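Here's the letter readout for the chains.
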Amino acid sequence: METSPVVRASTADLYDAHVMRNYARAPLTLVRGAGTRVWDDAGRGFLDFTSGIAVSALGHCHPHWVAAVQRQAAELVHVSNLFRNPGQGELARRLVGHAGPGRVFFCNSGAEANEGLLKLARLHGRRKAGGVEGKCYKVICARNAFHGRTFGGMSATPQEKIQGGFRPLVPGFAFADLNDLEGFTRLVDDETAAIFVETIQGEGGIQPCTPEFLLGLRRLCSERNLLLLLDEVQCGIGRTGRFFAFEHAGVRPDAIGMAKGLGGGFPIGAIWISEPHADLFQPGNHGTTFGGTPLACAAALAVLDVLEREDLLAAVRARSAPWLAELRALAAAHPAKVLAVRGQGYLVGLQFAADPAPVLAALRERGLLAAAAGGNVIRLLPPLNVTPAELAESVAILRAVLGAAA
Ligand SMILES: *Cc1c(COP(=O)(O)O)cnc(C)c1O
């Protein structure tokens, strides 16, 4: 029913009037999606290489995912963690199958997963200090990291644009340069409980940990009895062509934070904790009302089903290689504009010489949605089931935009 006899306000007007202004949004109202494409309220279609920031891993409205969510919505949606539900048990089993012996806790977002990891570091530190609290609690993180907007996540995110205005932050965080193993080693002291990094920095501009660095951190953590905590919120769940990005380096962390791609668009986060540390959490010392609902778990199980059935990890590895080669060739043809192409699989960043906002807008005009990241980077995050034709289309649009801009 119309609420006004005159003209109903446009979505843009409603946002202007009522939605908090904490985002600089693109002037686009999206109303529908199918596969890699989305459509705006004027009926214009776009190739969506944002995937809702690495979330819609199967593209939009994959039929298997839709059927699973619809079925579960009609059966049982939420019961809280006061009771068991079959989906949560099965999803935990399958994540343990990917991560290794250990246990899983479900939550609702990347920041909440990371809070769990930071609380785990505190519990480990207390155990290390013979049960005394407040003696061993420090966490060493990387400069340029992004771990979320909560107080713990923000405190682990040493960027003025994230932290400014919100101090005092949580104490006990120290920072070294990514891939500077000596720098991390120098910061370790008796008060250090954990090292916490993104396997591939996402918001910071697609900056990967080198395999040598990850292996070095693993050794350092084992020698000094520190937990190695990996934030795989953006790079995990198949985005790089392995279920977890750290698998490329052959390391095993002590705990993992996941979220974005896990639910294929439904909000769900998780932490996995390796067997020796999984019982640091005990009844009563951590929890969340919405974590691991039947509906969220059905969505995530549908993502894992499709990853397997459509052999998407292999598809990401095979199809991303020629695409990345084309992107690198394109960058090489425009050396004054594009300084570097970084990333793996479908987590790719093009580093520009200047603020790429005009390039993002030009790409959008030509029908390609991409996401900005720190350090003048444009991120390309297609769904894991993107087709070769769609990858080729993205290159053609990029070529046209780079060729057109002066
Ligand atoms: C997005 C992101 C987060 C925060 O996730 P939210 O779901 O937005 O809270 C944390 N870490 C990394 C690496 C991310 O990409």
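Residues numbered from 1 in each chain as written. Predicted model: local features only at pLDDT ≥ 70, side-chain atom pairs only at ≥ 80, totals over all residues. Heavy atoms only, no water.

**Student:** How would you explain the overall build of the protein if you had to name every residue and give the values?
**Tutor:** In terms of regular secondary structure, the protein is built from 13 helices and 17 strands. By the compact-globule yardstick of 22 Å for 406 residues, the protein fits well, its C-alpha radius of gyration being 22 Å. Along the first, second and third principal axes, the C-alpha set of the protein runs to 65 × 55 × 45 Å. Relative to its full complement of 406 residues, the protein shows a buried share of 51%. Restricting the contact set of the protein to residue pairs at least 6 apart, pairs at least 24 apart contribute 71%. As displayed, the protein offers around 18400 Å² of accessible surface, 56% of which is attributable to carbon and sulfur atoms. A distance of 1 Å separates the average location of the 40 positive side-chain charges in the protein from that of its 37 negative side-chain charges. (Helix = DSSP H or I, 4+ residues; strand = E, 2+ residues; numbered from the N terminus. Rg over C-alpha atoms; globule rule 2.2 N^0.38 Å. Buried < 20%, exposed > 50% of the residue type's maximum accessible area, 1.4 Å probe, protein only. Contact = heavy atoms within 4.5 Å. Areas by Shrake-Rupley, 256 points an atom, 1.4 Å probe, with all protein chains shown as cover. Lys, Arg positive; Asp, Glu negative; His and termini not counted. Charge placed at Lys NZ, Arg CZ, Asp CG, Glu CD.)

**Student:** Give me the layout of surface pockets: which residues, what numbers.
**Tutor:** Taken as a whole, the second largest pocket holds about 630 Å³ of empty space. Taken together, 21 residues line the second largest pocket, and the ones lying closest to its centre are Gln88, Arg103, Val104, Phe105 and Phe281. Secondary structure elements with two or more residues in the lining of the second largest pocket: α4 (86-99) and β4 (102-107). If you tally residues by element for the lining of the second largest pocket, the top one is β4, at 5 residues. Taken together, the residues of the lining of the second largest pocket sort by class into 9 nonpolar, 10 polar and 2 charged. (1 Å grid on protein atoms, 1.4 Å probe; cavity = no way out; pocket = protein on both sides within 12 Å on 5 of 7 lines; lining within 4 Å. Points joined across faces, edges and corners; volume = space filled by probe spheres on them. Nonpolar A, V, L, I, M, F, W, Y, C, P; charged D, E, K, R; others polar.)

**Student:** So what about the packing of aromatic side chains? Which residues, and what values?
**Tutor:** Enumeration according to the criterion identifies 5 aromatic pairs in this entry. Centre to centre, the rings of phenylalanine 244 and phenylalanine 246 are 5.1 Å apart; their planes meet at 10 degrees, and the pair counts as stacked. Like phenylalanine 246, phenylalanine 244 is buried. Taken together, Phe49, Trp323 and Tyr346 form an aromatic cluster joined through their ring pairs. The ring of tryptophan 39 has arginine 32 sitting right over it, with the charged end atom 4.2 Å from the ring centre. (Phe/Tyr/Trp six-rings, centres within 6.5 Å; stacked < 30°, edge-to-face > 60°. Lys NZ or Arg CZ within 6 Å of the ring centre and 35° of its normal.)

**Student:** So, the packing of α4 against helix α10 (residues 294-309): which residues are in play, and what are the values?
**Tutor:** For any two helices packed against each other, one specifies the crossing angle of their axes together with the interaxial distance. The interhelical angle for the contact between α4 and α10, taken along N-to-C directions, is 40 degrees, at an axis separation of 9 Å. It follows that α4 is oblique to α10 by the angle criterion. The handedness of the crossing between α4 and α10 comes out as left-handed. Together, Gly87, Gln88, Glu90, Leu91, Arg94 and Leu95 of α4 and Cys297, Ala300, Leu301, Leu304, Asp305 and Glu308 of α10 make up the contact between the two elements. Partitioning the contact of α4 with α10 into residue classes produces 6 nonpolar, 2 polar and 4 charged. (Axes fitted to C-alpha atoms, helices over the stretch in contact; angles between N-to-C directions. Parallel < 35°, antiparallel > 145°, perpendicular 65-115°, else oblique. Left-handed = near helix turned anticlockwise from the far one by under 90°.)

**Student:** Hey, could you go over the sheet that holds strand β16 (residues 371-373) for me, with residue numbers and the actual values?
**Tutor:** If you walk across this open sheet you meet the 4 strands as β13-β14-β17-β16, and the pairing is antiparallel. Each end of this open sheet is capped by a strand with a single partner; those strands are β13 (338-344) and β16. The average angle at which neighbouring strand axes cross in this sheet is 25 degrees, direction not considered. As paired elements, β16 and strand β17 (residues 377-380) share 3 bridges and run antiparallel to each other. Bridge assignment links alanine 373 to a residue of β17, and that residue is valine 377. Of the strands in this sheet, β13, β14 (347-352) and β17 touch helix α11 (residues 312-333), which is tilted by about 170 degrees from β13. (Pairing = 2+ DSSP bridges.)

**Student:** Describe unusual backbone geometry, naming the residues involved and giving the relevant values.
**Tutor:** With an omega dihedral of 5 degrees, the bond running from arginine 167 to proline 168 counts as a cis peptide bond. Within the element layout of this structure, proline 168 appears in the loop between α7 (160-163) and β6 (173-176). For asparagine 225, which is not glycine, the phi torsion reads 55 degrees and is therefore positive. In this structure, asparagine 225 sits in the loop between α9 (211-224) and β10 (227-231).

**Student:** Describe the sheet that holds strand β1 (residues 30-34), and please don't skip the residues or the numbers.
**Tutor:** Spatial ordering of the open sheet is given by β1-β2-β3-β15, a layout of 4 strands whose pairing is mixed. Each end of this open sheet is capped by a strand with a single partner; those strands are β1 and β15 (368-369). Sheet topology note: the strand β3 (residues 45-48)/β15 ladder contains 2 bridges and is parallel. Directly across from leucine 47, in β15, lies its bridge partner leucine 368.

**Student:** Any chance you could break down the site of the ligand for me, citing the residues and the numbers?
**Tutor:** Taken together, Ser109, Gly110, Ala111, Asn114, Phe146, His147, Gly148, Glu198, Asp231, Val233, Gln234 and Lys260 form the complete shell of residues around the ligand. The separation between an oxygen atom of the ligand and a polar main-chain atom of alanine 111 is 2.8 Å. Lysine 260 is positioned such that a nitrogen or oxygen atom in its side chain is 2.6 Å from an oxygen atom of the ligand. Its free accessible area being 380 Å², the ligand has 81% of it covered by the protein chains. Broken down by element, the residue count for the shell around the ligand peaks at 3 residues, all from helix α5 (residues 110-128). Of the residues contributing to the shell around the ligand, the split by class is 3 nonpolar, 6 polar and 3 charged. (Near = heavy atom within 4 Å. Polar contact = N/O pair within 3.5 Å; in protein donor to acceptor, adjacent residues only side chain to side chain.)

None of the figures reported here should be taken as evidence of function without further support.
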